[in-house]
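Chain and residue survey
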Amino acid sequence: MVQQTREQWSGSRGFVLAVAGSAIGLGNIWKFPYMAGANGGGAFVLVYLLCILAIGVPIMIAEILVGRRGQSNPVAAMRAAAEESGVSPVWRLIGGMGVLAGFLILSFYSVIAGWALDYTLRGLTGALSGLGAEEAQAQFGSLLDSPGLQIFWHTLFMLICFLIVARGVRGGIEWAVGWMMPLLFLLILVLVGYGAWIGAFAEGFTFLFRPDFSQLGPESVLMALGQAFFSLSLGMGAVMAYGSYLSPQESIGRNTVVVITTDTIVALLAGLMIFPIVFSIGLEPPAGPGLLFQTLPYVFGQMVAGSFFGFLFFLLVVFAALTSAISLLEPATAYLMARRGLSRLQAAGILAVIAWILGIFSALSFNLMSGFHPLGFIDALSGKTFFDLLDGVTSNIMLPLGGLGVALFVGWRMKRAAVAEEVRLGSYFGLWYFVLRFVSPVLVVLVLLYSVGVLRG
Ligand code: PHE
């Protein structure tokens, strides 16, 4: 059922770059370190890695497979694959929920990317040089306190994202990811080295890699699961949409392993870049979403040509965020185009505007609306702002549910012959199929049920 007329990546390299571009982003550099910090470090990292292996790998393979089989946007691809196997087209709702999740994530993702834009400018104007730890934190504080500034950068980021998606993403993504990601990687390595030198490396390393299970709260397991989905861009159709452009000759398994390994290494390196600094400047690991922005400027402050390196680093972070944001907007855009007959420009425009408006509430969660706790009546959620909730619901609930749906669909509803023919994992097929059917779904369900229990007290 492969239609040869659909556009395709320029071979495996293009595909790997695009999926890696989607996966590697703020999730690795901004979110992973603060999640690890807030959830006790090593134990969280261990659970995270287990989630990647037992859930992330099998589900990513399944998502790519459905995309390539269905040759369409996530909703239509799920329906096509369902029809081919003679099961209910209702499975497309999984694709629909994913499209919605991606769109919701985009709204706050753009706000955080806006912070990185602000820091890019600071690097450019030299504001990062010679900063002490306290000044670095005060600078970040003043950004958080300013709704106007945050909304300005959020607007700019959303606009850029819209323009790229409106023009069609493929050529741009392959090109941008191809040289920016390696450069980002290199710069992270430099910063890990520099941080190790000026910071408390041993302490940071121990925090990140020595599992102390007494620190692993019940909520942390859910966080680790959600973070695995978020970081790998799973459960919302991005990988499925990209898979639909993958040529039938390419190996799904090998590409998946490459992407996931890279994504994981970048996240761990980001942790190694940040925690030695956290300990050396006396910050607390659970500092929250501001962690990246409170630590790194200090490093740049101490470095020769620190402002320049700061500029370069945050610029690359912005690009990493852009290649992810594009993959958040693209599925919804493709869907709206197909569903309502809109042009790409119209569809991307409508979505960007709505996400932009939602994003404003996230920006305000850090200042004017920081005292507004929409679900405050639930004990476990009492201190959570609009941003916290949106982030939590999408990463920790919608993405895992989306992934669960894909695992169940591919593992139990699609015809085994169709699955085997599409995925061609050779001698690994049996293992993958088993894990996808029995292990991943059970783990996701257990973690979700467990956290419902925790929520109810
Ligand atoms: N994976 C991206 C990151 O780590 C975020 C993302 C989530 C992108 C879901 C697409 C889909 O930053």
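Let us look at the structure shown here. Numbering of residues starts from 1 in each chain and follows the order in which that chain's sequence is written. For this predicted model, a pLDDT threshold of at least 70 governs which residues receive local features, and a threshold of 80 or more governs which side-chain atom pairs are given and counted, while totals over whole chains, interfaces and linings are taken from all residues. No hydrogens and no water enter the side-chain calculation; it runs on all heavy atoms of the structure.

Think of it this way: any DSSP run of H or I at least four residues long counts as a helix, any run of E at least two long counts as a strand, and we number them from the N terminus. The secondary structure content of the protein amounts to 18 helices and zero strands. Computed over the C-alpha atoms, the radius of gyration of the protein is 21 Å, within 12% of the 23 Å expected from 2.2 N^0.38 for a compact globule of 457 residues. Along the longest, intermediate and shortest principal axes, the C-alpha atoms of the protein span 65 × 45 × 45 Å. Only protein chains enter the accessibility calculation, which uses a 1.4 Å probe; a residue whose area is less than 20% of its type maximum is buried, one above 50% is exposed, and one in between is partly exposed. Counting the 457 residues in the protein, one finds 60% classified as buried. Taking contacts inside the protein between residues at least 6 apart in sequence as the whole, the part at least 24 apart equals 82%. The accessible surface values rely on the Shrake-Rupley method and a 1.4 Å probe; as for residues, cover is taken only from the protein chains in view. Entry remark: accessible area of the protein is about 17,000 Å², with carbon and sulfur atoms responsible for 68%. Treating the 22 positive side-chain charges of the protein as one cloud and the 21 negative ones as another, the clouds have centres 14 Å apart. Only C-alpha atoms enter the radius of gyration; for comparison, a globular chain is expected to reach 2.2 Å times N to the power 0.38, where N is the number of residues. Any two residues having at least one pair of non-hydrogen atoms within 4.5 Å are treated as being in contact. His is not counted, nor are the chain ends, whereas Lys and Arg count as positive and Asp and Glu as negative. Working definition for charges: the position is that of NZ of Lys, CZ of Arg, CG of Asp or CD of Glu.

Near the ligand, the surroundings consist of 14 residues, among which Ala23, Gly27, Tyr109, Phe230 and Ser233 are the closest. We define a polar contact as two N or O atoms separated by no more than 3.5 Å, with the added condition that, inside protein, one atom must be a possible hydrogen donor and the other a possible acceptor, whereas residues neighbouring each other in sequence contribute only through side-chain atom pairs. Within the side chain of Ser233, one N or O atom sits 3.0 Å away from a nitrogen atom of the ligand. In isolation the ligand has 320 Å² of accessible area, and contact with the protein removes 100% of it. Those elements that provide at least two residues to the shell around the ligand are helix H1 (11-23), helix H2 (26-38), helix H10 (218-231) and helix H14 (306-340). Here a residue counts as near a molecule or strand whenever at least one of its heavy atoms sits within 4 Å of it.

As a further point, take the pattern of salt bridges. For this document, the term salt bridge refers to a Lys or Arg side-chain nitrogen within 4 Å of an Asp or Glu carboxyl oxygen. In the structure shown here, the tally under the stated rule is seven salt bridges. Across the salt bridge formed by Asp391 and Lys31, the nearest N and O atoms sit 2.8 Å from each other. Linking Asp391 in helix H16 (residues 386-413) with Lys31 in helix H2, this pair joins segments that are 360 residues apart in sequence. Close ionic contact of Glu421 with Arg69 constitutes a salt bridge, the shortest N to O distance being 2.7 Å. With a gap of 352 residues between them, Glu421 in helix H17 (residues 416-423) and Arg69 in helix H3 (residues 42-70) connect regions that are remote in the sequence. One network of salt bridges, with partners in common, ties together Arg68, Arg69, Glu84, Glu421 and Glu422.

A word on the side chain of Asn28. Within the fold, Asn28 resides in helix H2. Classification of Asn28 by relative accessible area gives buried; the value is 0%. The residues touching Asn28, leaving out its near neighbours within four places in the chain, are Ala23, Pro33, Ser231, Asp263, Val266, Ala267 and Ala270.

What follows concerns unusual backbone geometry. One non-glycine residue, Gln71, lies in the positive phi region at around 50 degrees. Overall, the relative accessible area of 6% leaves Gln71 in the buried class. Within the chain, Arg424 stands out as a residue other than glycine whose phi angle is a positive 45 degrees. For Arg424, the position within the fold is in the loop between H17 and helix H18 (429-456).

Within H17, burial applies to Ala418, Val419, Glu422 and Val423. One face of H17 carries all of its buried residues, which in axial projection span an arc of 110 degrees. Projecting away from the buried face of H17 at angles above 90 degrees are the exposed residues Ala417 and Glu421. Positive phi shows up at Arg424, right after H17, with a value of about 45 degrees. Working note: the arc is built from the helix axis to C-beta atom directions.

In this section: the nonpolar core. Note that soluble globular proteins tend to have their nonpolar side chains buried in a common cluster. What makes a nonpolar core is a set of buried Ala, Val, Leu, Ile, Met, Phe, Trp, Tyr and Cys residues whose side-chain atoms join them at distances within 4.5 Å. Within the largest apolar cluster, 167 residues are counted, with the highest numbers of intra-cluster contacts made by Trp115, Met273, Phe293, Phe313, Val410 and Trp432. Those residues in contact with Phe313 that lie beyond four places of it in its chain are Ile29, Leu184, Leu187, Ile188, Leu191, Met273, Leu292, Leu296 and Phe300.

On to a nonpolar patch on the surface, then. Together, Trp175, Trp179, Leu183, Leu186 and Leu189 make up a nonpolar patch on the protein surface, roughly 530 Å² of accessible area in all. Overall, the relative accessible area of 41% leaves Leu189 in the partly exposed class. Here a patch means residues that are over 30% exposed by relative accessible area and free of salt bridges, tied together within 9 Å if like-charged and within 5 Å if nonpolar (Val, Leu, Ile, Met, Phe, Trp, Tyr).

Further remarks concern the packing of aromatic side chains. Centre distance within 6.5 Å is the pairing criterion for rings of Phe, Tyr and Trp, where only the six-membered ring of Trp is used; planes under 30 degrees apart are then read as stacked, over 60 as edge-to-face, and the remainder as tilted. Evaluated as defined, the whole model comprises 32 aromatic pairs. On the numbers, 6.0 Å between centres and 65 degrees between planes, the contact of Phe300 with Phe314 is edge-to-face. Of this pair, Phe300 sits in helix H13 (residues 291-302) while Phe314 sits in helix H14, placing them 14 residues apart in sequence. This pair shows no difference in class: Phe300 is buried, exactly as Phe314 is. Aromatic ring contacts, followed pair by pair, group Trp30, Tyr34, Phe108, Trp115, Tyr119, Phe140, Phe293, Phe300, Phe313, Phe314, Phe366 and Phe387 into a single cluster. Directly above the ring of Phe230 sits Lys31, whose terminal nitrogen or CZ lies 4.0 Å from the centroid. We note Arg437 situated over the ring of Trp412; from NZ or CZ to the ring centre the distance is 3.9 Å. A positively charged side chain is recorded as over a ring if its NZ (Lys) or CZ (Arg) lies within 6 Å of the ring centre. The angle to the ring normal must also be within 35 degrees.

Contact geometry for helix H7 (residues 147-167) and helix H15 (residues 344-364): axes closest at 9 Å, N-to-C directions at 160 degrees. Put simply, H7 runs roughly antiparallel to H15. Read as a crossing pair, H7 and H15 show a hand that is right-handed. Of H15, the residues touching H7 (which contributes Pro147, Gln150, Ile151, His154, Thr155, Met158, Phe162, Val165 and Ala166) are Arg344, Leu345, Ala348, Gly349, Ala352, Ala355, Trp356, Gly359, Ile360, Ala363 and Leu364. Residues were grouped as follows: Ala, Val, Leu, Ile, Met, Phe, Trp, Tyr, Cys and Pro as nonpolar; Asp, Glu, Lys and Arg as charged; and all remaining residues, including Gly, as polar. Classifying every residue of the contact of H7 with H15 gives 14 nonpolar, five polar and one charged. Only the stretch in contact is used when fitting a helix axis, every axis being a line fitted to C-alpha atoms; angles between N-to-C directions are given from 0 to 180 degrees. The labels follow the angle: roughly parallel below 35 degrees, roughly antiparallel above 145, roughly perpendicular from 65 to 115, and oblique for the rest. Two helices cross in a left-handed way if the nearer one is turned anticlockwise from the farther one by less than a right angle. They cross in a right-handed way if the turn is clockwise.

So, on to the environment of Arg339. Within the secondary structure layout, Arg339 lies in helix H14. Taking C-alpha positions, Arg339 is 27 Å from Phe229, a pair spaced 110 residues apart along the chain.

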